[in-house]
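Below, each chain spelled out in residue letters.
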Amino acid sequence: MEFRDVKAFIEVANHLGFTRAAEHSHLSQPSLSKAVKKLEEQLGVELFDRSTRHLLLTDAGKIVYQQGQQALASLQALPALLQELNDGTTGEIRIGIPPLIGTLFFPQIARTFHTHYPNIKLELFEHGAILIEQLVEESQIDVGIIVLPTDKSIFHTYSFINDEFLLYIRHDHPLADREAVELIELKDEQFILFSKGFALHEHIINACTDAGFIPSVSYESSQWDLILELVASNLGIALLPRSIAEKQNNPLIQTIPLRSTSLLWKLGVITKKNGYHSFALKKFIQLFTDKELISFEE
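The structure displayed is predicted, hence computed values, not measured ones.

## With respect to the packing of aromatic side chains
- As enumerated under the stated definition, the model contains ten aromatic pairs in all.
- Taking 6.4 Å as the distance between ring centres and 65° as the angle between the ring planes, the aromatic pair formed by Phe18 and Phe48 counts as edge-to-face. Placement of the pair is Phe18 in helix 2 (residues 18-23) and Phe48 in strand 1 (residues 48-49), with a sequence separation of 30 residues. Of the two residues, Phe18 and Phe48, both sit in the buried class.
- Seen from their ring centres, Phe105 and Phe160 are 6.2 Å apart, and the 90° between their planes marks the pair as edge-to-face. Of this pair, Phe105 sits in helix 5 (residues 99-116) while Phe160 sits in strand 6 (residues 155-170), placing them 55 residues apart in sequence. A single burial state applies to Phe105 and to Phe160, both of which are buried.
- The structure contains a cluster of three or more aromatic residues connected by ring pairs, namely Phe105, Phe113, Tyr117, Phe160, Trp265, Phe284 and Phe288.

## A closer look at the side chain of His15
- Mapped onto the fold, His15 is located in helix 1 (residues 3-15).
- A polar atom in the side chain of His15 sits 3.0 Å from the backbone oxygen of Glu11.

## Points about a nonpolar patch on the surface
- Taken together, the side chains of Met1, Leu43 and Val45 make up a nonpolar region of the molecular surface, amounting to roughly 260 Å² of accessible area.
- With respect to the helices and strands, the residue Val45 is situated in the loop between helix 3 (29-43) and strand 1.

Criteria and thresholds
- Residues numbered from 1 in each chain as written.
- Predicted model: local features only at pLDDT ≥ 70, side-chain atom pairs only at ≥ 80, totals over all residues.
- Heavy atoms only, no water.
- Phe/Tyr/Trp six-rings, centres within 6.5 Å; stacked < 30°, edge-to-face > 60°.
- Helix = DSSP H or I, 4+ residues; strand = E, 2+ residues; numbered from the N terminus.
- Buried < 20%, exposed > 50% of the residue type's maximum accessible area, 1.4 Å probe, protein only.
- Polar contact = N/O pair within 3.5 Å; in protein donor to acceptor, adjacent residues only side chain to side chain.
- Patch = residues over 30% accessible without salt bridge, like charges linked within 9 Å, V, L, I, M, F, W, Y side chains within 5 Å.
- Areas by Shrake-Rupley, 256 points an atom, 1.4 Å probe, with all protein chains shown as cover.
- Salt bridge = Lys/Arg side-chain N within 4 Å of Asp/Glu carboxyl O.

In structure tokens:
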């Protein structure tokens with residue numbers, strides 16, 4: 001069955017005659033007649049009752065007419081739908097994001113993106129950065145927001161924030177009255193870290209190793225608020241980004257800057273190199289490359 005035959009049939013049905021249909025279309029009367037006859041042969045039914053002066057649709061003809069109109073409307077809508085995709089106004093994006101980054105930044109990201117593209121759906125997958133990289137590489141998700149650096153031979157990266165680390169300790173800790181501390185001064189402390197599988201876990205351990213010691217880890221957690229509760233309970237100290245200090249309000253927690261350290265929380269967006277970038281995904285990436293759309297700096 002060819003759609004042009006269905007379209008010719010609909011034209012004849014609209015005018016209830018081959019002559020009038022030919023007058024209102026770019027097809028000749030013989031072409032219309034041939035198209036309808038071919039369609040009837042293919043479907044094995046009569047589409048018109050030709051026993052009267054004017055053509056009348058048979059019961060089968062009414063069904064083909066109704067379904068044909070729906071099919072024609074769908075095809076006619078294709079250019080507009082594709083243009084919407086090209087404009088980035090529709091679509092769906094699968095986003096991988098670690099819980100901490102999600103808590104601190106995703107509400108702002110989602111709010112700004114929804115303002116510009118309210119019909120694009122954002123599906124969120126919360127995992128550690130290491131697993132997110134794997135999911136992006138395997139094309140199971142479209143984009144990841146992770147702690148940098150990452151393998152640039154595999155991913156396109158778009159950096160969007162650098163945040164310094166602070167020491168989070170209980171207010172009555174011996175170091176609590178210090179204006180700043182060196183990382184090496186924490187060598188005898190019990191550290192509370194993010195769980196293995198989170199980039200911050202290795203990030204902290206590597207920084208301590210570079211400073212000259214291997215940290216003693218007392219607890220690990222996937223939740224930043226639980227880490228701070230453990231600190232408030234005097235069960236250890238934590239090194240966490242400054243952004244968390246603006247979210248937490250536990251009066252037992254005190255923050256102290258770190259001196260002489262290159263320890264930074266570098267966040268970025270990654271997509272797979274040579275992977276398919278939908279129109280919607282390109283608009284999402286633009287959020288992190290166009291400073292006029294959103295700013296993560298205070």
